[in-house]
Amino acid sequence: MTKKERAALVCEKLNKEFGTDIKCSLDFEPGVAWQLLFATIMSAQCTDARVNEVTKTLFVKYPSLEAFAHANLSEMEQDIKPTGFFHNKARNIIACANALLDRYDGQVPRELDDLVSLPGVGRKTANVIRGNIFGDQSIVVDTHVKRISKLLGLTKEEEPTKVELDLMKCVPKEQWILYNHQIIALGRTVCIARRPHCENCVLQEACKHYHDKEMKAQKK
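Residues numbered from 1 in each chain as written. Predicted model: local features only at pLDDT ≥ 70, side-chain atom pairs only at ≥ 80, totals over all residues. Heavy atoms only, no water.

Asks: Give me the lowdown on unusual backbone geometry, citing residues and values where you can.
Replies: Positive phi values are uncommon outside glycine, yet Gln45 reaches one of about 60°. Inspection of the secondary structure assignment puts Gln45 in the loop between helix H2 (33–42) and helix H3 (48–61). (Helix = DSSP H or I, 4+ residues; strand = E, 2+ residues; numbered from the N terminus.)

Asks: Pulling in residues and values, what's your account of the packing of aromatic side chains?
Replies: Taken as a whole, this structure holds six aromatic pairs when the rule is applied. Each ring, one from Phe59 and one from Phe68, has its centre 6.2 Å from the other, and the planes form 65°; the classification is edge-to-face. Through a chain of ring-to-ring contacts, the aromatic side chains of Trp34, Phe38, Phe59, Tyr62 and Phe68 assemble into a single cluster. (Phe/Tyr/Trp six-rings, centres within 6.5 Å; stacked < 30°, edge-to-face > 60°.)

Asks: Got a sec to walk through the environment of Gly153? Specific residues and values, please.
Replies: Note on placement: Gly153 falls in the loop between helix H9 (143–152) and helix H10 (160–170). Residue Gly153 is classed as buried on the basis of its relative accessible area of 16%. Put simply, Gly153 and Pro196 are 43 residues apart on the chain and 16 Å apart in space, counted from C-alpha to C-alpha. Other than its neighbours up to four places away in sequence, Gly153 contacts Lys3, Arg6 and Lys208. (Buried < 20%, exposed > 50% of the residue type's maximum accessible area, 1.4 Å probe, protein only. Contact = heavy atoms within 4.5 Å.)

Asks: Outline the pattern of salt bridges, listing residues and values.
Replies: Evaluated as defined, the whole model comprises 11 salt bridges. The partner of Lys56 in a salt bridge is Glu53, and the shortest N-O contact between them spans 3.2 Å. With Lys56 and Glu53 both in helix H3, this residue pair falls three residues apart, about one helical turn. Residue Asp79 pairs with Lys61 through a salt bridge whose shortest N-O separation is 3.1 Å. Residue Asp79 is found in helix H5 (residues 73–79), and its partner Lys61 is found in helix H3; the two are separated by 18 residues along the sequence. (Salt bridge = Lys/Arg side-chain N within 4 Å of Asp/Glu carboxyl O.)

Asks: So what about the side chain of Thr55? Which residues, and what values?
Replies: Tracing the backbone shows Thr55 in helix H3. With near-sequence residues (within four places) excluded, Thr55 lies in contact with Asp27, Ala39 and Met42.

Asks: Which residues make up the packing of helix H1 (residues 3–18) against helix H11 (residues 176–189), and what are the values?
Replies: To characterise two packed helices, one gives the angle between the axes of the helices and the distance between these axes. Contact pair H1 / H11: the axes reach a minimum separation of 10 Å and the direction vectors enclose 70°. With respect to H11, the axis of H1 lies roughly perpendicular. Every pair of crossing elements has a handedness; the one defined by H1 and H11 is left-handed. Residues Val10, Cys11, Leu14, Asn15 and Phe18 of H1 touch H11, and the partners they reach there are Leu178, Tyr179, Gln182, Ile183, Ala185 and Leu186. (Axes fitted to C-alpha atoms, helices over the stretch in contact; angles between N-to-C directions. Parallel < 35°, antiparallel > 145°, perpendicular 65-115°, else oblique. Left-handed = near helix turned anticlockwise from the far one by under 90°.)

Asks: Which residues make up the nonpolar core, and what values do they have?
Replies: One finds Phe38 and Phe68 to be the most contacted residues of the largest nonpolar core, which totals 40 residues. If you list the elements that add at least two residues to this core, you get H2, H3, helix H4 (65–69), helix H6 (86–103), helix H7 (112–116) and helix H8 (123–132). Leaving out residues up to four positions away in the same chain, Phe68 has contacts with Trp34, Phe38, Leu58, Phe59, Tyr62, Met76, Ile93, Ile94 and Ala97. Of all hydrophobic cores here, the second largest spans 28 residues; its members include Cys11, Ile148, Leu152 and Tyr210. (Core = buried A, V, L, I, M, F, W, Y, C linked by side-chain atoms within 4.5 Å.)

What follows is the structure, given as structure tokens:
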């Protein structure tokens, strides 16, 4: 099975298991791109559920980009402390708000190069924005996507950008955004890092790791 064939089978199984109407798990007001941008910055090394608990009050306290841009750093740190790494995140969010106002007239840009030029924004965050705000097909490589894509045999890379490029070559483009959400859902429920439930996984047929494990078991 080629990587493209394997990826096509993976997508077929994922669509059947999780459906194709999956939404972003970070909460934000529809159309308010900066809310998703800041929520995604906060989601680094933190669960989306915890970020949603923080933004529930954060976006009320700071209802506009201007409010974030003029926020007191120490106060912002305390506001987002539950998300972890709050010193860097608070500094980046305030700087990002100022950059959006100064350089982009308060609008979140669409192009990847513009997005990654913002404080605290890397390719992962940029692709979350491109996919969920602008509908541009993009691959978001988080820990679930990297780990499970390697198990499936779709990449051997460790560096997220290289994983992203590998997946772009084999996963059908119309599935890129869905693949992100579906693989994350699989990683949270079945293909759990410390205790994967391979026996209950819908991707057995397409998973290189599963087949390699079965082959080893048969040889014993």
